[in-house]
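The chain contents come next:
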Amino acid sequence: MNFLKRYILPRLIQYFVVIFIGITIVFLVPRFTPLDPVVSVMNRMTSYGSMYLDPQALEKLRETMMELYGLKGSVWEQYIKFWGRLFKGDFGPSLSIFPTPVISIIRDSLPWTAGLLIIAALLSWIIGNILGGLAGYYSEKRWSKILSVVAMSIYPIPYYIMALILIILFAYIFPFFPIVGGYSIGMKPSFSISFILNLIKHAFLPALALIIVGIGWWFLSMRSLTSTVKAEDYVIYAEVMGIPRRKILFQYVMKNSLLPQITNLALQIGGIFSGSLVTESVFSYPGLGQVLYMAINNGDFNLMMGIAVFSIVGISTTALLIDLLYPLFDPRVRYR
């Protein structure tokens, strides 16, 4: 009971406060920008030239658009209605793919982004921490120094630059992988081996771009942590007592070094998500990143707000789950 009050309850309160503030900012920002989505749509329709609408029809169209975008009434009234629609999962229709509801577009795109993000984040975290732990403990070895130089070179590279490098290498110079899409045109989604292999082939380069850059960060942070833990008295004592170095590395050094990395994973999940969106745009991968790019180009405010709300809820929920699972890895939190 004490653990619930001291550890779980504050985090749940923080989770809901973060979501509330984030969604409120998402609501306010478009309303304080000089862009008016209704005027933009009407200007676009009338700019085609061939369409003539009398003033009364234009006024009715404007009223309808105001209703569709939730812009009727004062800002406070719009805010109350916005939360009411949000609880029903109603973000209105998308302008880019009118009249498809925003929630349907997000429902179709979200599994692509979630699959890519989860696989890339887990693989980069696992590989980066193992290599970083080994390099930090065996820092005197030549391979450790080479790996450190490679990681320091990779880490500052933005996700989209890495994506472009991989496209040039493995799609143009050595055409092993497709450049765009989630699967080949003409294929019907199914659970057959051929479709799954085709799916993996299309997802390989986007995932690789995220994994390579992610490994650079996790490698460097884990190497630094391992070097610190390696200098602790209990590790030196274990070495003096003749305990095999392999046992010291995996049972003492890496185990203790991993705890801060679990916290870092919760903190880094937002950065990994934004990198995933950019990478999807580069590869025209059918996830939220590609949809967001289309929404920005078309000034589709409903779609942009829907994706932003889902991003806030998704990232906050992932960070909360990692935070709640942390006591399973560190018993000191449970008994403090």
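Quick notes on the rules
- Residues numbered from 1 in each chain as written.
- Predicted model: local features only at pLDDT ≥ 70, side-chain atom pairs only at ≥ 80, totals over all residues.
- Heavy atoms only, no water.
- Helix = DSSP H or I, 4+ residues; strand = E, 2+ residues; numbered from the N terminus.
- Buried < 20%, exposed > 50% of the residue type's maximum accessible area, 1.4 Å probe, protein only.
- Contact = heavy atoms within 4.5 Å.
- Lys, Arg positive; Asp, Glu negative; His and termini not counted.
- Charge placed at Lys NZ, Arg CZ, Asp CG, Glu CD.
- Expected span 1.5 Å × (residues − 1).
- Bend = angle between axes of the 7 residues up to and from the residue.
- Core = buried A, V, L, I, M, F, W, Y, C linked by side-chain atoms within 4.5 Å.

## Describing the overall build of the protein chain
Right, on to step 1. From N to C terminus, the protein chain includes 13 helices and zero strands.
Right, on to step 2. For the protein chain, the α and β elements follow one another from N to C terminus as α-α-α-α-α-α-α-α-α-α-α-α-α.
Right, on to step 3. Projected onto its principal axes, the C-alpha coordinates of the protein chain cover approximately 90 × 60 × 40 Å.
Right, on to step 4. Counting over 336 residues, the protein chain shows a buried share of 37%.
Right, on to step 5. Taking the intrachain contacts of the protein chain between residues at least 6 apart in sequence as the baseline, contacts between residues at least 24 apart amount to 75%.
Right, on to step 6. In the protein chain, which carries 26 positive and 16 negative side-chain charges, the distance between the mean positions of the two groups comes to 12 Å.

## Describing helix H8 (residues 193–230)
Right, on to step 1. Between the first and last C-alpha of H8 there are merely 46 Å, a value that for 38 residues lags more than 12% behind the 56 Å anticipated at 1.5 Å per step.
Right, on to step 2. The sharpest bend along H8 reaches about 40° and sits at Phe 204, with the proline Pro 206 one to four residues further on.

## A few points about the nonpolar core
Right, on to step 1. Judged by nonpolar contacts, the single largest core of 45 residues is most densely connected at Ile 23, Phe 82, Leu 86, Leu 303 and Val 309.
Right, on to step 2. If you list the elements that add at least two residues to this core, you get helix H1 (2–31), helix H4 (75–87), helix H5 (102–137), helix H7 (159–173), H8, helix H10 (245–283), helix H11 (288–298) and helix H12 (301–329).
Right, on to step 3. Per-element accounting of this core gives the leading share, eight residues, to H8.
Right, on to step 4. Beyond its immediate chain neighbours, meaning those up to four positions away, Leu 86 contacts Ile 23, Phe 91 and Val 309.
Right, on to step 5. Grouped together as the second largest cluster of nonpolar side chains are 10 residues, Tyr 137, Val 229, Val 235 and Met 254 included.

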